[in-house]
There are 2 protein chains.
Amino acid sequence: MTSVVSGDGDVAGAAAAVGERSDAVLAWTRELLEPALRATVATLPPRIRQVGAFHHGWVDERGEPVSGTPGKLVRPALVLGCAVAAGGDPAAAVAVPAAVAVELVHNASLIHDDIVDGDATRRGRPAVWSAFGTPKAILAGDALFILAVRAATRLPAPMVEPAVVRLTDTIQILIDGEQADLDFESRTTLTTAECLAMAAGKTGALLECACALGAQAAGADGAGVRAYGRFGAHLGLAFQLADDLLGLWGDPALTGKPTGSDVRARKKTLPVVAALNSGTPAAAELTVLYENTGAPLDTATSERVLDLVEQAGGRAWAQARAFRELQRALHYLHVARPLPGAEKDLTAIAELVVCRGH
Amino acid sequence: MTSVVSGDGDVAGAAAAVGERSDAVLAWTRELLEPALRATVATLPPRIRQVGAFHHGWVDERGEPVSGTPGKLVRPALVLGCAVAAGGDPAAAVAVPAAVAVELVHNASLIHDDIVDGDATRRGRPAVWSAFGTPKAILAGDALFILAVRAATRLPAPMVEPAVVRLTDTIQILIDGEQADLDFESRTTLTTAECLAMAAGKTGALLECACALGAQAAGADGAGVRAYGRFGAHLGLAFQLADDLLGLWGDPALTGKPTGSDVRARKKTLPVVAALNSGTPAAAELTVLYENTGAPLDTATSERVLDLVEQAGGRAWAQARAFRELQRALHYLHVARPLPGAEKDLTAIAELVVCRGH
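Residues numbered from 1 in each chain as written. Chains lettered and ligands numbered in written order. Predicted model: local features only at pLDDT ≥ 70, side-chain atom pairs only at ≥ 80, totals over all residues. Heavy atoms only, no water.

**Remarks on the pattern of salt bridges**
Enumeration over the complete set of coordinates arrives at 32 salt bridges over all chains. Between Lys-202 of chain A and Asp-181 of chain A there is a salt bridge; the shortest N-O distance is 3.1 Å. Placement of the pair is Lys-202 of chain A in helix H8 (residues 192-217) and Asp-181 of chain A in helix H7 (residues 157-184), with a sequence separation of 21 residues. Judged by its relative accessible area of 21%, Lys-202 of chain A falls in the partly exposed class. Between Arg-21 of chain B and Asp-345 of chain B there is a salt bridge, with its nearest N and O atoms 2.7 Å apart. Pair noted here: Arg-21 of chain B is in helix H1 (residues 15-41) and Asp-345 of chain B is in helix H16 (residues 340-354), with a separation of 324 residues, a long-range link. You'll find Arg-21 of chain B and Asp-345 of chain B in the same group, each marked buried. (Salt bridge = Lys/Arg side-chain N within 4 Å of Asp/Glu carboxyl O. Helix = DSSP H or I, 4+ residues; strand = E, 2+ residues; numbered from the N terminus. Buried < 20%, exposed > 50% of the residue type's maximum accessible area, 1.4 Å probe, protein only.)

Set out below in structure tokens:
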């Protein structure tokens, strides 16, 4: 078995079938990952455990179990998918601790980012700081970061040191990307290159780590691990571009965030920065709206901003760039010589993350 | 050479000589540790590095070098002292990555605790959040926690996995202790047992980890590592009791914190909780003052609180308990069968941390 979904593989290429395939991969990931993730979060100290369970969508603010809305588990799907692709145990059990680690890093960073960005909503529910207060959210984020590293120590012994090194170095790059994002808020001019470098840190690094760790757990050689890593890194850029597009034109029901919150807060996301740098008349008007750093933009002005970003070519640029990064990602996936069924699964996941609702 | 200070050892016991001996051990620690600590902090991403250097007292808010007021390096001194005591290389070089890791955990937790507690001053300078804002302080604390784990991967290969496991498990206990401290603020009744358990987590766990890692790096067996760990754990409790006493009656020039800040904020530190539970008339008056959770206490009321804690026996209890924990610590140090000179050095450090200025 070389595929994580059952089926004969003749369906790839058709959009609906890609959707089915990615759904199947994500369902398989959830089945394999969630027991391990729950067991790992259960090792948190009692006072922190409930906050961790809340953030993962398993309980409400009072600790009562809910049928929640956890994340899509894209990162664990990449860890496990790359492990299968690199010839690992079809159950990918060997890579599960790495998948848990990567998902925990992601969730830790979300808890802290929501404080840093002042975002009160996450996945359609209150952000942790909003539900439990900032002090508890700081401590819970710390605990999840550390729990991620601890999870990696449950990999087979020879992998522990390289995995901890890769994971901790990745977290530093991720933090640096977050800091860059924060610094950019007070900058009046920004290039798309600067923003892409920031996105590579903020989003690309953890996807690179996910794919590399999965392949490494399955015994891939250095060249293979690097190729899977490049797949993840480019996919991460495509993902961030898609996410920024969703932040502007996405359906709040899908994003879990209030409509237009990125615009109202004048976030300099990639489509906006591309528009600001376009040299068009729309860019000039947009620049004025973004230079005024007073109150959040009202609804009418927010709608004007969306029109201007589109007129200035920011939307088209971001879509084209996302597609290019996706093509680059799939090139490196091919270079890695994955087992055929797993390549289709990973391609379906890659297309899913780039093509959500826009 | 079995001692980290030169000298013939006939000086132990005399208070002034203990001070000289601990000064010498701390100076030796600084010489061995600081280059490694600076080199490790220098590996942080550029945007975070300056904040890390500021917190360590090496640069000011603008990044200009200063002859700073860094911490005393008690924890690294324990790591290196226990390594020497357990028969490690006299230069204790093998344990330096562990000493760096433990100091970084301490500093990471201080950065986040100052946000959590709203403390604007640290070591007589602005706290990181006060100098750079809360978002940057959250990210810098994250980066230092992760850097601590990364530092531990630089230990000799067979030690990496156990060290990362011990360090990450310790950080969870420390975070749980911080969370307990936070939860206690809103509790109307607290027992000294609850507060001692909290202090064991908040302070004892990292000192236990420091001593155990140092001994382990030097090749101590399981029983030895456990005994050094117990030495650190009891010393940590003694340290916290001493710290709480300093917070009430200490010289601000020594503590680096404004006079009476713990009292004004009605912090339920160990001497206060002992006083509140004393069943004395002073306890009744103190209870009323602590139940009112309005504005911070004014200077006159703060002075009254100090008198009441003293009258209720809180000060005497904390001093006696600190002394008892110190004796227990020294018992376990003896059980560990350290090399004689190193035992004197560790005893001097232990007495230093418990007997500072009260």
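After that view of the structure, there is still more to cover.
**Points about unusual backbone geometry**
It is generally the case that most residues other than glycine have a negative phi and that most peptide bonds are trans. All names here are of chain B. The phi dihedral of Arg-123 falls on the positive side, at around 55°, and the residue is not glycine. Its place among the elements puts Arg-123 in the loop between strand E1 (121-122) and strand E2 (125-126). Unlike most non-glycine residues, Arg-337 shows phi in positive territory, near 55°. Here Arg-337 is to be found in the loop between helix H15 (314-335) and H16.

**Structural notes on the relation of the copies chain B and chain A**
Note on the chain copies: they are related by a rotation about an axis and a translation along it. Note on the identical chains: chain B maps onto chain A by a rotation of 180° and an axial translation of 0.0 Å, with an RMSD of 0.0 Å. Put plainly, the chains are arranged around a two-fold axis. Both copies present the same face, since 100% of the interface residues in chain B are matched by interface residues at the equivalent positions in chain A. (Least-squares fit on C-alpha atoms with pLDDT ≥ 70 in both. Contact = heavy atoms within 4.5 Å.)

**Section: the side chain of Arg-75 of chain B**
Residue and element names in this part refer to chain B. Along the chain, the position of Arg-75 falls in helix H3 (residues 74-85). One buried charged residue, Arg-75, remains without a salt bridge, the closest side chain of opposite sign being Glu-103 at 5.2 Å. Within polar-contact distance, the side chain of Arg-75 engages the side chain of His-106 at 3.2 Å. The contact partners of Arg-75, leaving out residues within four places of it in the chain, are Val-102, Glu-103, His-106, Leu-206, Leu-207, Ala-210 and Phe-239. (Lys, Arg positive; Asp, Glu negative; His and termini not counted. Polar contact = N/O pair within 3.5 Å; in protein donor to acceptor, adjacent residues only side chain to side chain.)

**Digging into the interface of chain B and chain A**
You'll often see interface size given as the accessible area lost when the parts meet. Taken together, the contact pairs 35 residues of chain B with 35 residues of chain A. Taken together, chain B and chain A are joined by four salt bridges. With a closest N to O distance of 2.7 Å, Arg-150 of chain A and Asp-169 of chain B form a salt bridge. Inspection of the chain B/chain A interface yields eight residue pairs in polar contact (both at pLDDT 80 or more). When residues of the side of chain B that touches chain A are traced back to their parent elements, those giving at least two are helix H2 (46-55), helix H4 (96-117), helix H6 (134-152) and helix H7 (157-185) of chain B. Per-element accounting of the side of chain B that touches chain A gives the leading share, 16 residues, to H7 of chain B. Partitioned by chemical class, the residues of the side of chain B that touches chain A number 21 nonpolar, five polar and nine charged. (Nonpolar A, V, L, I, M, F, W, Y, C, P; charged D, E, K, R; others polar.)

**Overview of the packing of aromatic side chains**
Residue and element names in this part refer to chain A. Within this structure, the stated rule accounts for two aromatic pairs over all chains. Ring geometry for Phe-54 and Phe-132: centres 5.2 Å apart, planes at 80°, overall edge-to-face. With Phe-54 in helix H2 (residues 46-55) and Phe-132 in helix H5 (residues 128-132), this pair connects stretches of sequence that are 78 residues apart. Given the relative accessible area of 2%, Phe-54 is considered buried. Positioned above the aromatic ring of Phe-54 is the side chain of Arg-125, whose terminal nitrogen or guanidinium carbon lies 4.2 Å from the ring centre. (Phe/Tyr/Trp six-rings, centres within 6.5 Å; stacked < 30°, edge-to-face > 60°. Lys NZ or Arg CZ within 6 Å of the ring centre and 35° of its normal.)

As far as function goes, none of this settles anything; it's purely spatial.
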